[in-house]
Amino acid sequence: MEDFRFESDSLGEIKIKKHAYYGANSQRALENFHITGRHMDPFLVRAIVEVKKACAIENNKVGILSDRKKDAIVKACDRVLDGEFFEYFVVDPIQGGAGTSFNMNVNEVIANIANELMGGGLGTYEFIHPNDHVNKGQSTNDVIPSAGKIALIRYTMELKIEVKNLIDSFERKAKEFDSYIKMGRTQLQDAVPIKLGQEFSAYAKAIRRDYERLDAAIRQLSYLNLGGTAIGTGLNADDKYIKEVVPILSEICGIELFQADDLVDATQNLDCFLFASSVLKTLASNLSKISNDLRLLSSGPTTGISDYNLPAKQAGSSIMPGKVNPVIPEVVNQVAFLVIGNDITVTMAVEGGQLELNAFEPIIFYSLFESLKTLKAGVYTLYTNCIDGISSDKKKLEKKVENSVAIITPFAPHIGYDRASRVAKESLRTGVSVREILIRDKIMTKEEIDKILDYENMTKAGIIDEENINKD
């Protein structure tokens, strides 16, 4: 039995699997682009099918697509949106042609499903044609960026949920550790006392800014060039269709979307994607800095800093019994490295546009989807497997503060900088505490020392504002 059929396109005849719902353009892309070995992102497939559905509905409204053809295309789109036929979106995510291969892959699959619904056969396109009907009033150059933005918005919304959970986790720890006094450090050296809760509060505030920046990225991505067709001029699209298609798409997606006020600009300039990437890079950088702190401050358990303990998640060595590593912060660091590298890729792709079109949206979407998905997973594992389970020994922290030479700092205004320096040097040289030297040499009394070492007063700046705890 013959396992193949033949279809023709502008380049000639090509062999395709007999029961495949894709066509000639998809087959050529399969042969040309063996790049990642992966299929298209499911959120992007869903988004572009929603675009096709919206376009069919609007083309029918303006009278240039019959009811029968519109119904067949819409039903075909709905079947894909219900989870069918995903195995036939076969082109590699990284491809030449500004995404034309993917657009045509979608056009062909929808056309073949619709043809079957109307009584036709695969590859015949006797009722519904991929270009003439499914792609009517469209171009790859307005369809692909519009679908990509919808997918990115959805991924960003998912990321926001996890980022909010991380903020909540930091704020809970900030309250828990609000009375824990520890030695603060600058340039890895003892500095002045700080509350452990203040450190976690600072983490929460940094990530809250990232949360707000994610909202800004969504706003930038909400403006589409759909209706602009090839270069933003709307060639081959009905005038009424151009004005009305984005609101229909917005309703189908359940996302607030807008048409860009200048479709030429929105077609050739992709700075909105770079803005979104920079937001992800900033979040990744903050997460990595926090992860660095977590690893340093939990180092030990006996010869390191060990201000607190991270929850033990797995054995740390195949040769050293009992060793436990800070594996969760380590994996978050690596997520950050990946995201920052992807930002470089997006930067080069956005810069690489030429004239009326940027051909590099495939790598932009590939990179941003990877960044969003790994950040979501990284943030989730950070708060569930690390932050929520951090513990600390309050008395141990206080003992470190009392024994630190850096405790001399609050005495300097009272005994003079030079005298304070001499006390600090003697403490370092002899191992005798600052407190003992001050009392022994009758520089200060115990009562005077206790008054100055009022840790609550010393750490008052940045104390937790409980009114901000657990706010959205």
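This is a predicted model, so every value here is computed, not measured.

1. Notes on the pairing of strand β1 (residues 4–9)
Regular strands have side chains that alternate between both faces of the sheet. Two elements, β1 and strand β2 (residues 12–17), share six bridges in a ladder whose sense is antiparallel. Opposite serine 8, over in β2, you have glutamate 13 as the bridge partner. The turn linking β1 back onto β2 is made up of two residues.

2. Some details on helix α15 (residues 417–430)
Here α15 spans 20 Å end to end across 14 residues, near enough to the 20 Å set by a 1.5 Å rise per residue. Buried residues of α15: Ala420, Val423, Ala424, Glu426 and Ser427, and no others. In an axial view of α15, the angular spread of the buried residues amounts to 165°, which keeps them on one side of the axis. The exposed residues of α15 that point more than 90 degrees off its buried face are Tyr417, Asp418, Arg422, Lys425, Leu428 and Arg429. At its buried positions, α15 is contacted by α14 (412–415) and α16 (434–440).

3. A closer look at the packing of aromatic side chains
The tally for this structure, following the rule as stated, stands at 16 aromatic pairs. Summarising the aromatic geometry, the rings of phenylalanine 273 and phenylalanine 365 are spaced 5.2 Å apart at their centres and angled 90° between planes, so their arrangement reads as edge-to-face. One end of the pair, phenylalanine 273, is in helix α10 (residues 271–297); the other, phenylalanine 365, is in helix α12 (residues 361–385), with 92 residues separating them in the sequence. The burial state of phenylalanine 273 is the same as that of phenylalanine 365; both residues are buried. Members of the aromatic cluster, joined through ring pairs, are Phe170, Phe177, Tyr180, Phe200, Tyr203 and Tyr308. The lysine or arginine in question, lysine 15, covers the ring of phenylalanine 4, its NZ or CZ lying 4.5 Å from the ring centre. Between arginine 68 and the ring centre of phenylalanine 127, over which it is positioned, the NZ or CZ distance is 5.5 Å.

4. Some remarks on the environment of cysteine 386
Assignment of secondary structure puts cysteine 386 in the loop between α12 and α13 (394–403). In this structure the C-alpha to C-alpha distance between cysteine 386 and isoleucine 328, which are 58 residues apart in sequence, comes to 6.5 Å. Apart from residues no more than four positions distant in its own chain, cysteine 386 is found in contact with Leu294, Leu310, Pro311, Ile328, Pro329 and Thr381.

5. Overview of the UniProt feature "domain: Fumarase C C-terminal" (unreviewed entry) in the protein chain
UniProt marks residues 407–460 with the feature "domain: Fumarase C C-terminal" (unreviewed entry), using the numbering shown here. A distance of 16 Å separates the end C-alpha atoms of residues 407–460, which is 67% helix and 0% strand.

Rules behind the numbers
- Residues numbered from 1 in each chain as written.
- Predicted model: local features only at pLDDT ≥ 70, side-chain atom pairs only at ≥ 80, totals over all residues.
- Heavy atoms only, no water.
- Pairing = 2+ DSSP bridges.
- Helix = DSSP H or I, 4+ residues; strand = E, 2+ residues; numbered from the N terminus.
- Expected span 1.5 Å × (residues − 1).
- Buried < 20%, exposed > 50% of the residue type's maximum accessible area, 1.4 Å probe, protein only.
- Arc of directions from axis to C-beta.
- Contact = heavy atoms within 4.5 Å.
- Phe/Tyr/Trp six-rings, centres within 6.5 Å; stacked < 30°, edge-to-face > 60°.
- Lys NZ or Arg CZ within 6 Å of the ring centre and 35° of its normal.
- UniProt positions renumbered as here; feature names shortened; annotations may be inferred.

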